[in-house]
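Survey of secondary and tertiary structure
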Amino acid sequence: MSQEQNVPDGSSYDIIIIGTGAGGGTLAHALAPSGLRILLVERGEFLPRERENWDAEAVFDQRRYLARETWYDKDDQPFSPYTHYWVGGNTKVYGAALLRMREHDFGEVQHFGGVSPAWPISYADLEPYYTAAERIYRVHGTRGADPHDPPASEAYRWRAVEHEPRIRELFDGIASLGYRPFPVPLGLRLPSDDDKHAAYRLSAFDGYPDLTEVKADAHVCAVRPALACPNVSILTGTVVLRLVTDTTGDCVREVIAQRGSATLRLRAHIVVLSCGAINSAALLLRSGNATHPRGLANSSGMVGRNYMTHQNGLFIAVTQDRNPSKFQKTFGMTDFYRSADDSPLPLGTIQLMGKPDRGTLEWLRGDRLPGMSIEQLQEHTIDFFLTAEDLPDPENRIELRADGGIRVRYTPNNTEAYDRLHAKLVGILGEVERRAGRRPPEILSSRLGVSGVSHQNGTLRLGVDPRTSVLDVNCKAHDVDNLYVVDGSFFPSSSAVNPSLTIMANALRVADHLLDRMRVSVPASAQEHRVALQGVRA
């Protein structure tokens, strides 16, 4: 593993990638075999593999792995964001649900709250890169089982994770009502995939680091292989303070970073941001200068605007029968993704999620179900995650306070879609339980608030018009010739599926563009994403 812990001031590289999550890590993986001199700059460290990785008290109550940061909401009230700074970024604790955006998501879509705009690229442009990303992140699934699964150039290479008995019963019960639940595509490095090892039993997953490294995160699947190349180095524990341009303002000349007490001035032909949609926007706003007075790459005034994070919520069904499942996150529903029997407009996606921690259950319950202990309650829940699309709104934006702190100015929109989706699931579960001769489940639910930033996107939107967008179709800043962005900032709209796979696929697309721009090649045998593209462009 190539690591640089003592980088001399003024060091130069071909490419500097700031951030090592779904975007930055995947980009590094794609570029590493090129021989280009690449530096990864990561504000976090390598997440330790330790017993506390699976300790609910350490993970959730003590917040052992969360970023120690305070941000501010639209009313200037402080909050602690649910975000993580480690090599691999937020993927170190994500749920690894890796779904493709639907084909129609790339066009204009009417919603209850307004219109979701068309993208300047199509699903067909991303499809081969989706396939490549699914290979890199070892996605397990069943192609075509999702009723809104978009066209794909190949089947999943790894079979879907099997349901545990209680979840299989629920899956079959929902299917008996005429719906089409499907195996959620999951990124997993299961030892049993090759049938030469004993089956691996998943348990602590959503929100937890994985000390076994079975979870297919950006560190394990992308950064680690990249660092095996001698031309790729990493600086951990290093915060980028600002980007400095040349006198014309057309090119980033220096990356100013802080590592401990040392200030570093780093240079590269190409600089790529992948700090997350919130931090990437904040960094550009902090990097304003005489030629970019409103913030770097902000002639449009769009930097930080159109922030989206989905309407996400927890939906906990307390059922009459016990749910002894250890890993229940094995199916989802998109029956209402585009419409419903009582709605011509989209609602969203329903997925099972990992078992919630004790503190979350106690908070959701409040004074309800007084006859059940928290231990009994934990044994009787089946737990869902609901996602409805939120729409780009210029007033939903990332700003800097006078003290340099981050303000997330966000007001939910398109809320009727979420409300209807919630009601649909209440009705479905009630009918499934009734047919099984059981009473309807008690529902404990809550939408995520402003601190729920896991699906952050949209703050540096992609577009063809420099007056209304920050990035061009190759994710290069309109205003700065050597500045690119590969996190979720580029999304013109959010869709209603988890953004991780789209971020990964787009990073591979941008990698191809950068290889062409820098006139270097990667042997097909040395790069998984290039192998996946063979024949697609013919």
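Quick caveat, the model's predicted, so the values are computed rather than measured. (Residues numbered from 1 in each chain as written. Predicted model: local features only at pLDDT ≥ 70, side-chain atom pairs only at ≥ 80, totals over all residues. Heavy atoms only, no water.)

Let us now look at the overall build of the protein. Helix and strand counts for the protein come out as 11 helices and 21 strands. In terms of overall dimensions, the protein is globule-like: its C-alpha atoms have a radius of gyration of 23 Å, near the 24 Å expected for 538 residues. Structurally, the protein occupies a C-alpha span of about 75 × 55 × 45 Å along its principal axes. Buried residues in the protein amount to 61% of all 538 residues. By sequence separation, contacts in the protein at least 24 residues apart represent 74% of the contacts at least 6 residues apart. (Helix = DSSP H or I, 4+ residues; strand = E, 2+ residues; numbered from the N terminus. Rg over C-alpha atoms; globule rule 2.2 N^0.38 Å. Buried < 20%, exposed > 50% of the residue type's maximum accessible area, 1.4 Å probe, protein only. Contact = heavy atoms within 4.5 Å.)

To describe two helices that pack against each other, one gives the angle between their axes and the distance between the axes. In contact at an axis separation of 9 Å, helix 4 (residues 165–176) and helix 9 (residues 415–435) are set at 105° when each is read in the N-to-C sense. Here helix 9 runs roughly perpendicular to helix 4, going by the angle between their axes. Contact residues: R166, L170, G173, I174 and S176 in helix 4; I428, L429, V432, E433 and R435 in helix 9. Among the residues making up the contact of helix 4 with helix 9, the classes are represented as 5 nonpolar, 2 polar and 3 charged. (Axes fitted to C-alpha atoms, helices over the stretch in contact; angles between N-to-C directions. Parallel < 35°, antiparallel > 145°, perpendicular 65-115°, else oblique. Nonpolar A, V, L, I, M, F, W, Y, C, P; charged D, E, K, R; others polar.)

Going through the model one piece at a time under the given rule, you end up with 14 aromatic pairs. Both rings, one in F490 and one in F491, keep their centres 4.9 Å apart while their planes meet at 65°; by these two values the pair is edge-to-face. Comparing F490 with F491, the two get one shared label, buried. Ring-pair connections join several aromatic residues into one group, and the members of that group are F106, W119, Y123, Y130, F490 and F491. For the cation-ring pair, K215 lies above F205, with the distance from its terminal atom to the ring centre recorded as 4.9 Å. (Phe/Tyr/Trp six-rings, centres within 6.5 Å; stacked < 30°, edge-to-face > 60°. Lys NZ or Arg CZ within 6 Å of the ring centre and 35° of its normal.)

This brings us to the sheet that holds strand 17 (residues 381–388). Read from one edge of the open sheet, 6 strands run 8-15-16-17-14-20, paired in antiparallel fashion. In the strand order of this sheet, the two ends are held by strand 8 (182–183) and strand 20 (442–447), each with one partner. Two elements, strand 14 (residues 311–318) and strand 17, share 8 bridges in a ladder whose sense is antiparallel. Each residue of the ladder has a partner; that of A317, found in strand 17, is I382. (Pairing = 2+ DSSP bridges.)

Take helix 3 (residues 123–136) next. Helix length check: helix 3 (14 residues) gives 19 Å between terminal C-alpha atoms against 20 Å at 1.5 Å per residue, within 8%. All buried positions along helix 3 are accounted for by Y123, L126, E127, P128, Y129, Y130, T131, A132, A133, E134, R135 and I136. Positive backbone phi, approximately 50°, marks R138, located one or two places after helix 3. (Expected span 1.5 Å × (residues − 1).)

This part takes up the side chain of H455. The residue H455 is located in the loop between strand 20 and strand 21 (483–485) in this model. Polar side-chain contacts of H455 include one of 3.3 Å to the side chain of N312. With residues up to four places along the chain from it excluded, the contact list for H455 reads M308, T309, H310, N312, F385, N498 and P499. (Polar contact = N/O pair within 3.5 Å; in protein donor to acceptor, adjacent residues only side chain to side chain.)

Here the focus is the pattern of salt bridges. Under the definition given, this model contains 41 salt bridges. Between R100 and E134 there is a salt bridge, and its shortest N-O distance comes to 2.9 Å. With R100 in the loop between strand 4 (78–79) and strand 5 (109–111) and E134 in helix 3, the pair connects residues that are 34 residues apart, well separated along the chain. A single salt-bridge network, built from bridges that share partners, covers D76, R397, E399, R401, D403, R407 and R409. (Salt bridge = Lys/Arg side-chain N within 4 Å of Asp/Glu carboxyl O.)

Attention now goes to the side chain of S495. With respect to the helices and strands, S495 occurs in the loop between strand 21 and helix 10 (500–517). With relative accessibility at 1%, the residue S495 sits in the buried group. Of note is the side chain of S495, whose polar atom sits 3.4 Å from the backbone nitrogen of V497.

Moving on, we get to the pairing of strand 13 (residues 262–273). The sheet contact formed by strand 1 (residues 12–18) and strand 13 spans 6 bridges and is parallel. Looking at strand 13, one finds that S12 is bridged to R267. Pairing of strand 12 (residues 252–259) with strand 13, which is carried by 5 bridges, proceeds in the antiparallel orientation. When the sheet's bridge partners are listed, Q258 is paired in strand 13 with T263.

Inside soluble globular proteins, nonpolar side chains tend to come together where they are buried. Counting residues in each nonpolar core, the largest one holds 116 residues, and the members touching the most others are Y137, L243 and L483. Residue contributions to this core peak at 10 residues, all from helix 10. The residues contacting Y137, other than those within four sequence positions of it, are A22, T26, Y94, L98, G187, L188, A216, D217, A218, C221, A222 and M504. The next biggest cluster of nonpolar side chains, apart from the first, holds 25 residues, and it includes L170, F171, A317 and I428. (Core = buried A, V, L, I, M, F, W, Y, C linked by side-chain atoms within 4.5 Å.)

As a further point, take the packing of helix 3 against helix 10. Running from amino to carboxyl end, helix 3 crosses helix 10 at an angle of 110°, the nearest separation of the two axes being 8 Å. Between helix 3 and helix 10, the interaxial angle falls into the category roughly perpendicular. Crossing of helix 3 against helix 10: the hand is right-handed. Together, D125, L126, Y129, Y130, A132, A133, E134 and I136 of helix 3 and L501, T502, M504, A505, N506, L508, R509 and D512 of helix 10 make up the contact between the two elements. (Left-handed = near helix turned anticlockwise from the far one by under 90°.)

Another point: the confidence of the model for the protein. On average, the protein scores 94 in pLDDT, and the residues at 70 or more come to 94%. Taken together, the stretch residues 531–538 has pLDDT below 50 and engages in 11 contacts with residues farther than four places along the chain or on a different chain. (pLDDT = per-residue confidence, 0-100.)

Turning to the state of the cysteines, a few remarks are in order. Throughout the structure, instances matching the rule amount to 0 disulfides. Note on C229: no disulfide assigned, nearest cysteine sulfur contributed by C221 at a separation of 15 Å. Since its relative accessible area comes to 19%, C229 is described here as buried. Sulfur of C275: no disulfide; nearest cysteine sulfur belongs to C475 and is 14 Å away. A relative accessible area of 24% places C275 in the partly exposed class. (Disulfide = S-S within 2.5 Å.)

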